[in-house]
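A look at the structure
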Amino acid sequence: MDVHRGMTGITSEQLLEAHNADLAIQGEERVNFKHAWADPASGMVFCLSEAPDPDAVKRIHERAGHPTEEVYEVPVQA
């Protein structure tokens, strides 16, 4: 799971555009982006993905134009 900050006012169309930019190149880093959620009021965006490591997620987001430094591995699930 990764977090983007500072995206205040993001629309559903903009979120979809950003998500599609990730999807277009995700295979190059063996990342599989599953879903993205946004809170336009706070400017926070959350992305769920499967990846070999956090750096792969960071590289895809950087190349897609919306970098993040916050990538959290969540290995435990219920």
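How each quantity is defined
Residues numbered from 1 in each chain as written. Predicted model: local features only at pLDDT ≥ 70, side-chain atom pairs only at ≥ 80, totals over all residues. Heavy atoms only, no water. Buried < 20%, exposed > 50% of the residue type's maximum accessible area, 1.4 Å probe, protein only. Helix = DSSP H or I, 4+ residues; strand = E, 2+ residues; numbered from the N terminus. Arc of directions from axis to C-beta. Contact = heavy atoms within 4.5 Å. Polar contact = N/O pair within 3.5 Å; in protein donor to acceptor, adjacent residues only side chain to side chain. Pairing = 2+ DSSP bridges. Axes fitted to C-alpha atoms, helices over the stretch in contact; angles between N-to-C directions. 1 Å grid on protein atoms, 1.4 Å probe; cavity = no way out; pocket = protein on both sides within 12 Å on 5 of 7 lines; lining within 4 Å. Points joined across faces, edges and corners; volume = space filled by probe spheres on them.

With that settled, consider helix H2 (residues 54–64). Those residues of H2 lying buried are Ala-56, Val-57, Ile-60 and His-61. In an axial view of H2, the angular spread of the buried residues amounts to 130 degrees, which keeps them on one side of the axis. Its buried side turned inward, H2 meets strand S1 (2–4), helix H1 (12–25), strand S2 (32–39), strand S3 (44–50) and strand S4 (70–71). The opening residue of H2 is Asp-53, an N-cap whose side-chain oxygen sits 3.0 Å from the backbone nitrogen of Asp-55. Backbone geometry just downstream of H2 places Gly-65 in the positive-phi region, at approximately 100 degrees.

On the basis of which strands lie adjacent, the open sheet formed by four strands has the order S2-S3-S1-S4 and antiparallel pairing. What marks the edges here is a single partner per strand, and that holds for S2 and S4. As paired strands, S1 and S4 are joined by two bridges and run antiparallel to one another. Looking at the pairing, Val-3 lines up with Glu-70 of S4. Strand contacts of H1: S2 and S3, with the helix running at about 160 degrees to S2, the strand carrying the most contacts.

Empty pockets left among the atoms are what a rolling probe the size of a water molecule brings to light. One pass over the structure, following the stated rule, counts one cavity of 30 Å³ or more. Its volume calculated, the largest cavity comes out at about 60 Å³. Residue lining of the largest cavity: His-4, Met-7, Leu-15, Ala-18, His-19, Asp-22, Ala-36, Val-45, Cys-47 and His-66, and that is the complete set. The dominant element in the lining of the largest cavity, judged by the number of residues it contributes, is H1, at four residues.

Within the element layout of this structure, Asn-32 appears in strand S2. Accessibility expressed as a relative area gives 31% for Asn-32, which makes it partly exposed. Linking Asn-32 and Val-57, residues 25 residues apart in sequence, is a C-alpha distance of 9.1 Å. Those residues within four positions of Asn-32 in sequence are excluded, and the remaining contacts are Gln-26, Leu-48, Ser-49 and Glu-50.

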